Amino acid sequence: MKMISRRDFLKASAVVGAAAAMTACGGSSSSTAASSVASSTAASAAATNGSATVGVCIYQFADNFMTLYRADLEGYLKDMGYAVTIMDGKNDQNTQTEQINTFLQQGVDVLIINPVQTTSAQTIVDTVSPSGTPIVFINREPDKSVLDSYADKCCYVGADARQSGTYQGELILETETQGDINGDGVITYIMCKGDPENIDAQYRTEYSIKALEDAGKKVNCLYEYLDNWDQTTAQQDVANALSQYGDQIEVVFCNNDAMALGALQSIQQAGRTVGKDIYLVGVDALAEAVQDVLDGNMTGTVLNDDVGQATAAAEAAKLYVEGSAVEQYYWVDYVKVTKDNASEYVK
Ligand code: BGC
């Protein structure tokens, strides 16, 4: 079978999705239309001859999801005729800050930044703003005050993590026992949270459980592990949890698929069976996780649309290069992935 990239696979739908994202956001209460964007002569000239340079800072190349995202982004920016350089922040804010400074010295036309620490976003803006270089923040949502402080020159492209959390909860509510395998009236779970500073980790943790409670369910959290989005760490923690709590655990919530894949290894090693005596959900719809959903090894996952987000980020960069108006926020929808629709997401 011919292997195709996730980008090629979803390209057609993403173009439609991104177009919607670029227009639909105007109606969002949190978005502020950029009424005027200063169009520098240099930027306009760059757009005309397609020679703009874009500097991309990714928080960490080793992240599975950001690996897909960055490949998409590179493809779209190159398709637009731009010169692209992508740097690995190696999960270290000082390293990333140095990379940003180097991009500024090189005089890039636009920066696309996936911050290592969301709390450093204001410092990043303060470093960049004297040069007037526009910034497209991606994946890790900074405070609105940060975007406001560099109005018309700074935007955020992402997905609303509350939606993904709600979908994780709904995936459990849609199971035969609605998450209560032992029928004691309580959904007993463990949570693999992800980087605690990341709003995706915070909202997914909160809204997955809120979905259960809003449906009138009682819940019992045995333990919340951080696991920093990492497969191996989650594998170890879930193995420990399974030996400590055993059958008490009815649901394993993982806030990304990397952690869910680690959790699945430990679930299988412990002789437990997803869909029978335990449930497991993730987020991202990584290829391996989608296959596990199809095979019944995961209860479900949630598509974190890297293609849609990369397309929107590239489009936003293009608007800056051209000196066109740019919104403050661009949102891309999540999609619930279950056994019923998973085949649509297999690559
Ligand atoms: C993804 C995670 C990823 C994180 C990086 C999240 O949106 O779901 O898989 O590790 O972004 O910031």
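Structural data are supplied above this passage.
Here goes a summary of the coordinates provided. These numbers come from a predicted model, not from an experiment.

### Quick notes on the site of the ligand
So, point 1. Taken together, the residues surrounding the ligand are Y59, D63, F65, N139, R140, N198, D200, R204, W229, N256, D284 and N304.
So, point 2. R140 has a polar side-chain atom sitting 2.8 Å from an oxygen atom of the ligand.
So, point 3. R204 places a side-chain nitrogen or oxygen 2.8 Å from an oxygen atom of the ligand.
So, point 4. Against a free-state accessible area of 310 Å², the protein chains account for coverage of 99% of the ligand.
So, point 5. For the shell around the ligand, the residue count by class is three nonpolar, four polar and five charged.

### Remarks on the nonpolar core
The nonpolar side chains of a soluble globular protein tend to be buried with one another.
So, point 1. The biggest cluster of nonpolar side chains holds 66 residues, and the ones touching the most others in it are L73, L77, V136, I138, V252 and L280.
So, point 2. Examining the composition of this core, we find that nine residues originate from one element, helix α12 (residues 306-322), more than from any other.
So, point 3. If near-sequence neighbours (up to four positions away) are discounted, V136 is found in contact with V110, L111, I112, I113, C155, V157, A313, A316, A317 and Y320.
So, point 4. Counting 19 residues, the second-largest nonpolar core is a separate cluster that includes L111, A121, V128 and I135.

### Brief notes about helix α4 (residues 93-106)
So, point 1. Taking 1.5 Å as the rise per residue, α4 with 14 residues should run 20 Å; its terminal C-alpha atoms sit 20 Å apart, in good agreement.
So, point 2. For α4, the set of buried residues is Q93, Q96, Q99, I100, F103 and L104. What you see down the axis of α4 is that its buried residues fit within an arc of 140°, all on one side. Among the exposed residues of α4, those pointing more than 90 degrees away from its buried face are N94, E98, Q105 and Q106.
So, point 3. Buried-residue contacts for α4 involve β1 (53-58), β2 (83-88), β3 (110-113) and α5 (121-128).
So, point 4. Looking one or two residues beyond α4, the residue adopting positive phi is G107, at roughly 75°.

### Focus on the environment of I86
So, point 1. Tracing the sequence through the fold places I86 in strand β2.
So, point 2. We classify I86 as buried; its relative accessible area is 17%.
So, point 3. Considering only alpha carbons, one finds I86 and V54, 32 residues apart in sequence, at a separation of 8.6 Å.
So, point 4. Those residues in contact with I86, other than ones at most four positions away along the chain, are V56, I58, F61, R70 and E74.

### Here's the deal with the side chain of E250
So, point 1. As for its position among the elements, E250 is in the loop between α9 (231-245) and β8 (251-254).
So, point 2. One buried charged side chain, E250, makes no salt bridge at all; its nearest oppositely charged neighbour is R272, positioned 8.2 Å away.
So, point 3. A polar contact of 2.8 Å, which involves the side chain of E250, links it to the backbone nitrogen of T188.
So, point 4. Apart from the residues within four sequence positions on either side, E250 is in contact with G179, D180, I181, N182, G183, D184, V186, I187, T188, I278 and Y279.

### With respect to the sheet that holds β1
So, point 1. One open sheet accounts for six strands, arranged β2-β1-β3-β4-β5-β11; its pairing is parallel. Edge positions in the open sheet fall to β2 and β11 (329-331), since each of these has one partner strand only. Recorded for the sheet is a direction-independent mean angle of 15° between the axes of neighbouring strands.
So, point 2. Lying over the sheet, α4 contacts β1, β2 and β3, oriented at roughly 175° with respect to β1.

### Structural notes on the packing of helix α10 (residues 257-269) against helix α11 (residues 287-294)
So, point 1. Interaxial distance between α10 and α11 falls to 9 Å at its minimum, and their mutual angle equals 50°. When the axes of α10 and α11 are compared, the pair comes out oblique. Both α10 and α11 take part in a crossing whose hand is left-handed. On α11, the residues that touch D257, L261 and L264 of α10 are E288, A289 and D292.

### Notes on unusual backbone geometry
So, point 1. Of note in this structure, Q178 is not a glycine but carries a positive phi near 50°.
So, point 2. Looking at where Q178 falls in the secondary structure, it is placed in the loop between α7 (161-173) and β6 (186-192).
So, point 3. Owing to a relative accessible area of 34%, Q178 belongs among the partly exposed residues under this scheme.
So, point 4. A positive phi angle, close to 60°, is found at D227, a residue other than glycine.
So, point 5. With respect to the helices and strands, the residue D227 is situated in the loop between β7 (218-225) and α9.
So, point 6. For D227, a relative accessible area of 3% gives the class buried.

Parameters and conventions
- Residues numbered from 1 in each chain as written.
- Predicted model: local features only at pLDDT ≥ 70, side-chain atom pairs only at ≥ 80, totals over all residues.
- Heavy atoms only, no water.
- Near = heavy atom within 4 Å.
- Polar contact = N/O pair within 3.5 Å; in protein donor to acceptor, adjacent residues only side chain to side chain.
- Areas by Shrake-Rupley, 256 points an atom, 1.4 Å probe, with all protein chains shown as cover.
- Nonpolar A, V, L, I, M, F, W, Y, C, P; charged D, E, K, R; others polar.
- Core = buried A, V, L, I, M, F, W, Y, C linked by side-chain atoms within 4.5 Å.
- Buried < 20%, exposed > 50% of the residue type's maximum accessible area, 1.4 Å probe, protein only.
- Helix = DSSP H or I, 4+ residues; strand = E, 2+ residues; numbered from the N terminus.
- Contact = heavy atoms within 4.5 Å.
- Expected span 1.5 Å × (residues − 1).
- Arc of directions from axis to C-beta.
- Lys, Arg positive; Asp, Glu negative; His and termini not counted.
- Salt bridge = Lys/Arg side-chain N within 4 Å of Asp/Glu carboxyl O.
- Pairing = 2+ DSSP bridges.
- Axes fitted to C-alpha atoms, helices over the stretch in contact; angles between N-to-C directions.
- Parallel < 35°, antiparallel > 145°, perpendicular 65-115°, else oblique.
- Left-handed = near helix turned anticlockwise from the far one by under 90°.

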